[in-house]
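Structural features, examined
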Amino acid sequence: MTPVESKSKRIYALVDCNNFYASCERLFRPELNGKPVVVLSNNDGCVIARSNEAKDLGIPMGAAAFKFRDIFEKYNINLFSTNFTLYGDISNRVMSLLREMSPQLEIYSVDEAFMIFDNAGFDIEEYCRKTVDRVYKEVGIPISIGIAKTKTLAKLGNKIAKDNPTIYKGVFNFETVESMDDILRPLRVEKVWGIGRKNTKRLNELGIYNVLELKNADRAVIKSFLTVSGERTLLELNGIPCIEMEESEIKNTILTSRTFAKTTNDLKHLKEAVSSFASRAAEKLRMDECACTFVTVYISTNYHKETDDQYEASWTETSISPINYTPNIIKLGMEALKKIYKPEFKYKRLGIVLSGIVPASETVVSLFQTNEDQKVKENILGGLIDKINSVEGRDFVRFASSGHGDAWRMGQHMVSNRYTTDWNELLEIE
DNA sequence: TCTGGGGTCCTAGGACCC
DNA sequence: TCTGGGGTCCTAGGACCC
């Protein structure tokens, strides 16, 4: 037997929540079922989720909200600002149910996960249909599933299921399809996972327009034009798995960034932003039980405004040993900001990136920086702040340097309630 | 007037070494 | 003094994803 034959037969089932953010908003406003719903980004700047009814009205993903104001009004579209606290909680509910249905689960994003079946001795398609029913009944979120030998095909199958609900009823299975060619021929290459704007253009220049043409293309040609990533996509379309399970649960980077509601060149405002974003990033870091070595700050002007002078810059500070205590991270962030700040520009965006991430348990105490006692104190204080904030809402407790941030804080005008995490409800549940 | 936020992976090019 | 090529490591930036 060759190694390939002796390998177990693995099947991927990609679960994707339909119109996730819009579905979350509807969950607590059932009167909106059948009506158009749109969720806007921070600052209510652009469209990041649409219900099917909103899609049918021709509202594109990523559309600038101010350009569609008339349409929103004319069709009486229900608008929501983002409520990530709510979406995160609903996501957790969906994922725990999926984990129950499939112990090998790889969570890919807030609304997507791969269920993995090795040598399943049962009808996977039937099982997936049951999963669709259960998630809808128990959580209230509609999902679609694509089944195939590779992740890329499973993603594509999911798209097919979603685009043809009456034919496939939420589940598309590449394993039982009669003619692969007939399915792939009508699909444009940009539908494929990993083929974005630039790669679509390159492929079109090669005369490759549909997925079947890509699947049958010359491997060496694809590699030379689309690099190894494109080559992997081609192999995956042919049923050869190249994108494996994620091995590490640890993120490489943790990022907190915001576009400001107004521009500012006031160093005081930027310092407040650094302090506030560093606090949030440190909180995420501790949630993963990790520590970081590098703290990067980047700032930029408003690149949409061509009449303004443009500037963007970033700087990375290095810690002697890995840290996750908020004041330490703020301190490095402030030093980085000092290196790149220029008073002559008006800033629209600032971000903090934490990298060099390691499990907190593996960190050794640095002789130069802190001692065991200090470390213990930092851990207790950090944990306490996180606990209070998780109940009282983000930023309930924060460091004084974060200020009140009225000048730069985001504008959000249509936020729904934090239905599932409100303090009162927590009390009732517990 | 008003265009998100949080990630991953890959490549090219510079610095440095032998 | 002048010359070369190969290798590694690091970083910035591009492209993609949801």
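All values reported here derive from a predicted model rather than from experimental measurement. (Residues numbered from 1 in each chain as written. Chains lettered and ligands numbered in written order. Predicted model: local features only at pLDDT ≥ 70, side-chain atom pairs only at ≥ 80, totals over all residues. Heavy atoms only, no water.)

Here we look at the sheet that holds strand β3 (residues 47-50)
Stated precisely, the cut-off is as follows: Two strands pair under a simple rule: DSSP has to find at least two bridges between them. Strands here mean DSSP runs of E at least two residues long; helices mean DSSP runs of H or I at least four residues long; both are numbered from the N terminus. With axes taken as lines fitted to C-alpha atoms, and helix axes fitted only over the stretch in contact, angles between N-to-C directions fall between 0 and 180 degrees. For this analysis, residues touch if any pair of their heavy atoms sits within 4.5 Å.
On the basis of which strands lie adjacent, the open sheet formed by 3 strands has the order β3-β2-β4 and mixed pairing. Sheet topology places β3 and β4 (78-81) at the edges, where each strand pairs with a single neighbour. The sheet shows a mean angle of 25° between the axes of neighbouring strands, taken without regard to direction. Across the sheet, helix α2 (residues 20-27) is in contact with β2 (37-40), β3 and β4; its angle to β2 comes to roughly 115°.

Points about the sheet that holds strand β6 (residues 112-118)
If you walk across this open sheet you meet the 5 strands as β5-β6-β1-β7-β8, and the pairing is mixed. Bordering the open sheet on either side are β5 (105-109) and β8 (171-173), each of which pairs with just one other strand. Averaged over all pairs of adjacent strands, the angle between strand axes in this sheet comes to 15°, irrespective of strand direction. With 6 bridges joining them, strand β1 (residues 10-17) and strand β7 (residues 143-148) adopt antiparallel strand pairing. Note on β7: the bridge partner recorded for L14 is G146.

Regarding the side chain of S319
Inclusion rule: In protein, a polar contact requires one atom able to donate a hydrogen and another able to accept it; more generally it is a pair of N or O atoms within 3.5 Å, and residues adjacent in sequence count only if both atoms are side-chain atoms.
Tracing the backbone through its elements, the reader meets S319 in strand β11 (residues 312-323). A distance of 2.4 Å separates a polar side-chain atom of S319 from the backbone oxygen of S321.

Quick word on the packing of aromatic side chains
Operational definition: Aromatic contacts are taken between Phe, Tyr and Trp rings whose centres are within 6.5 Å, Trp giving its six-membered ring; a plane angle under 30 degrees counts as stacked, one over 60 as edge-to-face, and the others as tilted. Each residue is placed in one exposure class: buried if its accessible area under a 1.4 Å probe, protein chains only, is under 20% of its type's maximum, exposed if it is over 50%, and partly exposed if it falls in between. Lysine NZ or arginine CZ positioned within 6 Å of the ring centre and within 35 degrees of the ring normal marks a charge as sitting over the ring.
Scanning the entire structure with this criterion turns up 16 aromatic pairs. Pairing Y21 with Y87 gives two aromatic rings, centres 4.4 Å apart and planes at 15°, and the pair type is stacked. On the criterion of sequence distance, the pair formed by Y21 in helix α2 and Y87 in helix α5 (residues 84-101) is long-range, its members being 66 residues apart. Judged by relative accessible area, Y21 falls into the buried class, the value being 17%. With 5.2 Å between their ring centres and 50° between their planes, F122 and Y127 make a pair best called tilted. Aromatic rings pair up to connect Y12, Y108, F114 and W193 into one cluster. Stacked on the ring of F114, the Lys or Arg K151 has its end atom at 4.9 Å from the ring centre.

Brief notes about the protein's contact with DNA strand C
So the rule is basically this: The rule for a residue being near a molecule or strand is that one of its heavy atoms must lie within 4 Å of it. Classes in brief: Ala, Val, Leu, Ile, Met, Phe, Trp, Tyr, Cys and Pro nonpolar; Asp, Glu, Lys and Arg charged; the others, Gly included, polar.
Near DNA strand C, the surroundings consist of 14 residues, among which S109, D111, K155, G194 and N199 are the closest. Per the 4 Å cut-off to the protein, sugar and phosphate atoms form 100% of the nearby atoms of DNA strand C. The separation between a sugar or linking oxygen of DNA strand C and a polar side-chain atom of D111 is 2.8 Å. The contact in question runs from a phosphate oxygen of DNA strand C to an N or O atom on the backbone of K198, over 3.1 Å. Listing elements by their share of the surface near DNA strand C, those giving two or more residues are β5 and α10 (197-205). The biggest single contributor to the surface near DNA strand C is α10, with 4 residues. For the surface near DNA strand C, the residue count by class is 4 nonpolar, 4 polar and 6 charged.

Digging into the protein's contact with DNA strand B
Around DNA strand B there are 24 residues in total, and R232, L255, S257, T259 and R349 lie nearest to it. The sugar-phosphate portion of DNA strand B accounts for 77% of its atoms within 4 Å of the protein, the bases making up the rest. R232 is positioned such that a nitrogen or oxygen atom in its side chain is 2.5 Å from a phosphate oxygen of DNA strand B. R349 places a polar side-chain atom, nitrogen or oxygen, 2.4 Å from a phosphate oxygen of DNA strand B. When its residues are assigned to classes, the surface near DNA strand B shows 6 nonpolar, 11 polar and 7 charged.

Regarding the domain arrangement of chain A
Going by this rule: What counts as a domain boundary in this text is fixed by an automatic or database domain assignment. What gets called buried area is simply the loss in accessible area from a 1.4 Å probe that two parts show on being joined, summed for both. For this document, the term salt bridge refers to a Lys or Arg side-chain nitrogen within 4 Å of an Asp or Glu carboxyl oxygen.
Domain annotation for chain A reports domain 1 (7-177), domain 2 (178-243) and domain 3 (248-392). Computed from C-alpha atoms alone, the centre-to-centre distance between domain 1 and domain 2 is 24 Å. Each partner contributes residues to the interface: domain 1 has 18 residues there, and domain 2 has 17 residues. Of the roughly 1,500 Å² buried at the junction of domain 1 and domain 2 (both faces included), carbon and sulfur atoms supply 71%. For domain 1, the biggest contributors to the area lost against domain 2 are T152, L156 and V177; these three give 37% of the whole. Remark: the boundary between domain 1 and domain 2 carries 0 salt bridges. Linking domain 1 with domain 2 are 5 residue pairs in polar contact (both at pLDDT 80 or more). Among the elements that take part in the side of domain 1 that touches domain 2, helix α7 (residues 151-163) stands out by supplying 8 residues, more than any other. Here the residues of the side of domain 1 that touches domain 2 sort into 10 nonpolar, 3 polar and 5 charged.

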